[in-house]
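A structural walkthrough
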Amino acid sequence: MEESLRRMIKVFRREGHRVSDSERTTIQGANEMLMILQLVMARVNKQESGDFAVDLSEVLAAWKFFLLDKLKLSHNNVPLPQNYDIVRKEYDCFLKRTNTLDLIDIFSMFKELRVNEDPEEPLTSMHMFQFLTGENQDLETLEAFACPTTPSTKTAVCSLQIKRVVRRVFCSYLGLLVNSKNDLALAFTLDNPNRTLGHIAFTDLRHSASESSSSLFLTVTSFVRAIQLGGKGYAPSESHPLRKHIKGLSDFLNFVDHCQDILGENPNPRDAGSKLVSCIRAALVKGRSAGDPVYIAAENESNALKQRICGIHALQSQSVVGTGVSPARPRAHAINHSTAYRGRETVKVLMALLDEEALVPPCGNKAEVLSEDHSILNGSTGTCLLALYKSPEAPTGSSPKSLRNRILGQQEQIKSKVVRPTIRSQFACTYKDDELPLNRVLEFTSSSQLPTCVHPAPKKLISSHREKEIESVGLDGRLKEATNSNQAALGQRSGNVWNRPGGKVTQREEHPRTTGTSKRKLANRECAEGGEGSQPPQKRPPAKAAAGGLGKRSNKAVGKKLIAGQGKLTGFFRL
């Protein structure tokens, strides 16, 4: 069976230029065909129902019908899968877009490409169906891919899975050097080893590639090169979705460039292939101990691939007719014309190695292949190929509020509960609704700025007594009494003066309406109006009554506990 498949692939490599435009077309094996079918079915379900998902039973039923239909076998007893025509069309478009073919395409083209010396039909359609479904596998192969159920063999199961993933990563890196349009190979290698290019980075890369209608690798190359060499005029904008993944994408592209340099600088395919495998192995085992399962699997797979590369190169060197492999020839105007010719021989060896990997019998446990965790090498879990291609879910209106909105709402509630202090002025004694007493409003930062007047009792009582006094005396009498009281209280002062009764001069009072007056000057002035300004009111004895009506008025004011100057200010604003 395997020998007949190798013969068909050899004929395709020799005569493939007659049916294919590209000479670096790679072949997808049975497991890869099943993965692509799962992705295509999930994509069709998203277009029809809006959910990028597909059940395992639907994939397995569609897989059997798909093989029978493509091999042109009878499928009357197999039910037709839902939206099969769209699925088949999307499957073919995926292969064409990634420059790949599956084994059924190679089988179908064999009749057209074979020459007279080739056998007519090395395989039949039923043989191909049995090979792709895994019905003719040997007992040893089935036991190797069987899933043990005992807890004692849990370590062996992990080792088999890691071995399979490591082998696929090695072949994906080598396949990316041969066919850069293979998106499936880039999906396996983008974050292996860990470059912080997880699910979100791969989703942004897919969207950018879809907008530009190019492959994933070409999108990465053009984006990184535009930043490195484009300058301000050609560099992508700061809002580009790939800007936040520039470090990981640069590391990935630098590693691929290094592998391409090895491919072109070594004329000997054996040495170039060995160095490529060693370079990939070094990247996978970096930072791991010798007893790590990934380290052991990478060491074993690298040794096996090196031996296989040496064997393929020996067979190609001994062949007289030729290998039948004709990779893309370098252009005459190519800058690296000489290195491109050196790499051609190595590319022949790598393509033969990848063809052999495509002929590996499929895994007996299809569920294990479809749910295989490809991010197990970088320490994360739960990222199979289907989950990697699924876009992150966008938030809906039924979801709870975002954290930012909740924090802002809580801050507004806290601010509404905080009582802000009221800004008071020198006319606070005339306010009726006082929240704080006057001694709490005037704040003094040092002992030298202590107030020189005693503040009275609550102002509501003062205002009520004063209103009674104003009603009894009248407006004109009230202004005259306030003026006489103020003149009697003032002493000998310096500065601008004005004549008072008796021929003596005294200082003109600066009106307290000036808004720029400091609180300390205001307090001193009010105390000066009420009595002697040389002593603080706490230490001076009670004021003696003056002669005449002024003394009576002063005793009346003292009895009512009025603030010095309050009568004049209140009368002024009343007027």
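Residues numbered from 1 in each chain as written. Predicted model: local features only at pLDDT ≥ 70, side-chain atom pairs only at ≥ 80, totals over all residues. Heavy atoms only, no water.

Here we look at the confidence of the model for the chain
Let me state the cut-off plainly: pLDDT measures the predictor's confidence residue by residue and takes values from 0 up to 100. Segments assigned H or I by DSSP are reported as helices when at least four residues long, segments assigned E as strands when at least two residues long, and all are numbered from the N terminus. In this analysis, two residues are considered to be in contact whenever any of their non-hydrogen atoms come within 4.5 Å of each other.
Looking at the chain, pLDDT values average 74 and 62% of them are 70 or higher. At the low end of the mean pLDDT range in the chain sits helix α7 (residues 139–145), at 41; at the high end sits helix α4 (residues 84–97), at 95. In this model, residues 138–157 is a region of pLDDT below 50 whose contacts with residues beyond four sequence positions or in other chains number eleven contacts. Here residues 328–339 scores under 50 on pLDDT; set against residues more than four positions off or in separate chains, the count is twelve contacts.

What to know about the pattern of salt bridges
Rule in force here: We define a salt bridge as a contact between a side-chain nitrogen of Lys or Arg and a carboxyl oxygen of Asp or Glu at a distance within 4 Å.
Following the criterion strictly, the structure yields 20 salt bridges and no others. Among the charged side chains, a network of salt bridges with common partners joins Glu2, Glu3 and Arg6.

Some details on helix α11 (residues 216–229)
The cut-off we apply is this: Given the number of residues in a helix, its expected span is that number minus one, multiplied by 1.5 Å. Classification of residues uses two cut-offs on accessible area relative to the type maximum, computed with a 1.4 Å probe and protein chains only: under 20% is buried, over 50% is exposed, and between them is partly exposed.
An ideal rise of 1.5 Å per residue puts 20 Å on 14 residues; α11 measures up with 20 Å between its terminal C-alpha atoms. Turning to α11, its buried residues number three or more, namely Leu216, Phe217, Thr219, Val220, Thr221, Phe223, Val224 and Ala226. Phi for Gly231, located one or two positions after α11, is positive at around 80°.

A few points about helix α2 (residues 30–49)
Since the α-helix packs 3.6 residues into each turn, any two residues three or four apart lie on the same face. The end-to-end C-alpha distance of α2 is 28 Å, a good match for the 28 Å that 20 residues give at a rise of 1.5 Å each. With 14 of its 20 residues buried, α2 lies for the most part within the structure. Of the residues flanking the end of α2, it is Gly50, one or two places downstream, whose phi is positive at about 90°.

Quick word on unusual backbone geometry
Residues Asn192 and Pro193 are joined by a peptide bond in cis, for which omega reads 0°. Note that Pro193 resides in the loop between α9 (183–189) and α10 (199–212). With a phi angle near 55°, Asn99 is a residue other than glycine that sits in the positive phi range. By the secondary structure assignment, Asn99 is in the loop between α4 and β2 (100–102). Judged by relative accessible area, which is 15%, Asn99 ranks as buried. Positive phi, close to 55°, is recorded for Thr196, a residue that is not glycine.

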